[in-house]
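Per-entry structural report
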Amino acid sequence: MSSADQAQELTDEAAIGRVLDGDTEAFAVLVRRHRARVERLGMSFFHDEEEAADFAQDVFVKAYTALASFQGRSLFSTWLLRIAYNTAINARKRSRAQLPLDPELEIVGSGGTDEEHLREETARAVREAMADLPPRQALCIELFFYYDLKYSEIAEITGFPVNTIKSHVFRAKRVLRERLGAMREDNDAARNGA
Amino acid sequence: MRHETALRRLDELDAGQGYSLLLRLHLSRCPDCADAARRMGAALRAYRAADSSNADDRFVEERVMAAIRLRPLPRQDFALRDWVFPAAVIAASMFLLPVLGRKTSLLDLLLGPGHEVAIALVLGLGFTCYSIFFIATHMSELQTFLEKRGLRTR
């Protein structure tokens, strides 16, 4: 097994331990594992790949600097997303342009037509549910739907009460369920017509 | 369980939360709700499988690693609150011991007539050690503080 494979097998906690013991290169494991999620959060806020990459770099450097303060009370990914969320909110505050969360986030994926269709419907439902909310609250929906985070983890990241998050996610799920129901009816109608 | 209740319970589910027994019973008997649950699960899985990033995987990693190689190793910081208790004990000792000693002459009995010199030495040593450790573990904060006020250049 190569050293790169061995590094990939490290858990987040083990990688953090190695970094704190002086092995700076072990931090690359954490970057490789969590980069996509941080960049996606950046895309949600900045709508630009280059800015999202700069944002991800900023977040990881901040996480490295503060790594000794990570006490393992939550998952590393939750802790990292909290840093990312605060960094994004502060960047938005500094920015003159108050951009909304990305309404047309490009989703790149591989899969069959059905899967792509499902993904598109879900993305539309998420966007619809997010549309009426202020950006900080809208992000709670994305954190649930895409990042698969629990209500308590989203509360830890964003600082919103669990019940507020629950009600936003509940509404988004209802929109999604209705869309999926309509999709099924369309499919049934097409099948009967054929 | 009614149809609407089952759908509401499905919408209320937290990430990673399993179905309750009542909900499972209902889903086993109601094909519409079972289908809604299956579609919701499939939709969420498809959505999460999407990768929104077109960027080169190694690009950010290389930039981050280059940036952190220039930085000092992250070190275990001591929270300021950890320093408050020993500081309070030292400060209280500095004020209370001489006052109590003078009023009750207890220290005269315990330590003899030259106790004030001994106490001053012990407290002085304690205070010096505390200050050395505090400053040594907060050098980066001190540096940031001075830089922010333009008292020190990078």
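Residues numbered from 1 in each chain as written. Chains lettered and ligands numbered in written order. Predicted model: local features only at pLDDT ≥ 70, side-chain atom pairs only at ≥ 80, totals over all residues.

Secondary structure summary: chain A contains nine helices and zero strands in total. When the helices and strands of chain A are listed from N to C terminus, the series reads α-α-α-α-α-α-α-α-α. Taken over 194 residues, chain A has a buried fraction of 36%. (Helix = DSSP H or I, 4+ residues; strand = E, 2+ residues; numbered from the N terminus. Buried ≥ 20, exposed ≤ 12 C-beta atoms within 10 Å, placed from the backbone.)

The helix and strand tally for chain B stands at eight helices and zero strands. Of the regular secondary structure in chain B, the N- to C-terminal order runs α-α-α-α-α-α-α-α. Expressed as a percentage of the 154 residues in chain B, the buried residues total 13%.

Bringing the packing of helix H1 (residues 3-12) of chain B against helix H3 (residues 31-49) of chain B into the picture now. Residues and elements named next belong to chain B. Direction vectors running N to C along H1 and H3 enclose 15°, while the axes themselves pass 10 Å from each other. By the angle class used here, H1 and H3 are roughly parallel. The two elements H1 and H3 cross, and the hand of that crossing is right-handed. When H1 is examined against H3, the residues His3, Ala6, Leu7 and Leu10 are found in contact with a partner set consisting of Cys33, Ala36, Ala37 and Met40. A class-by-class count of the residues in the contact of H1 with H3 yields seven nonpolar, one polar and no charged. (Axes fitted to C-alpha atoms, helices over the stretch in contact; angles between N-to-C directions. Parallel < 35°, antiparallel > 145°, perpendicular 65-115°, else oblique. Left-handed = near helix turned anticlockwise from the far one by under 90°. Contact = placed C-beta atoms within 7 Å. Nonpolar A, V, L, I, M, F, W, Y, C, P; charged D, E, K, R; others polar.)

With that settled, consider the interface of chain A and chain B. Taken together, the 50 residues of chain A in the interface contact 37 residues of chain B. Listed by contribution, the elements that provide at least two residues to the side of chain A that touches chain B are helix H2 (12-20), helix H3 (27-46), helix H4 (49-65), helix H6 (113-131), helix H7 (135-145) and helix H9 (162-193) of chain A.

Below, the discussion takes up the packing of H7(A) against helix H8 (residues 151-158) of chain A. Residues and elements named next belong to chain A. Running from N to C, H7 and H8 cross one another at 140°; their axes reach a closest spacing of 10 Å. Taken together, the axes of H7 and H8 are oblique relative to one another. Regarding H7 and H8, the two cross each other, and that crossing is right-handed. Contacts between H7 and H8 involve Arg136, Leu139, Cys140, Leu143 and Phe144 from the first element and Ile154, Ile157 and Thr158 from the second.

Attention now moves to H3(A). Residues and elements named next belong to chain A. Residue His34 marks the point of greatest curvature in H3, where the axis turns by about 55°. With 16 of 20 residues buried, H3 lies mostly within the body of the structure. Of the residues flanking the end of H3, it is His47, one or two places downstream, whose phi is positive at about 60°. (Bend = angle between axes of the 7 residues up to and from the residue.)

This part takes up the confidence of the model for chain A. Per-residue pLDDT for chain A averages 80, and the proportion of residues at 70 or more is 84%. Scored below 50 in pLDDT, residues 103-111 of chain A makes 19 contacts in the model with residues more than four places away or belonging to other chains. (pLDDT = per-residue confidence, 0-100.)

Turning to the confidence of the model for chain B, a few remarks are in order. Residue and element names in this part refer to chain B. With 79% of its residues at a pLDDT of 70 or more, chain B shows a mean pLDDT of 78. Averaged pLDDT values for the elements of chain B fall to 69 in helix H6 (residues 106-111) and rise to 90 in helix H2 (residues 21-29). What the predictor reports for the complex is a pTM of 0.65 with an ipTM of 0.72.

Over its 19 residues, H3(B) extends 27 Å from the first C-alpha to the last, a length consistent with the 27 Å expected when each residue adds 1.5 Å. Listing the buried residues of H3(B) in full gives B:Cys33, B:Ala36, B:Ala37, B:Ala43, B:Leu44, B:Ala46 and B:Tyr47. (Expected span 1.5 Å × (residues − 1).)

Right, let's get into the environment of B:Ala43. Along the chain, B:Ala43 falls in helix H3. Residue classification places B:Ala43 among the buried residues on the basis of 26 C-beta atoms within 10 Å. The contact partners of B:Ala43, leaving out residues within four places of it in the chain, are A:Leu118, A:Glu121, A:Thr122, A:Leu176 and A:Leu180.

With that settled, the discussion passes to the environment of A:Thr87. Residues and elements named next belong to chain A. With respect to the helices, strands and loops of the structure, Thr87 is situated in helix H5 (residues 76-94). Accessibility expressed as a C-beta count within 10 Å gives 20 for Thr87, which makes it buried. Along the sequence, Thr87 and Ala56 sit 31 residues apart, while their C-alpha atoms lie 9.8 Å from each other. Residues in contact with Thr87, not counting those within four places in the same chain, are Phe55, Asp58, Val59 and Lys62.

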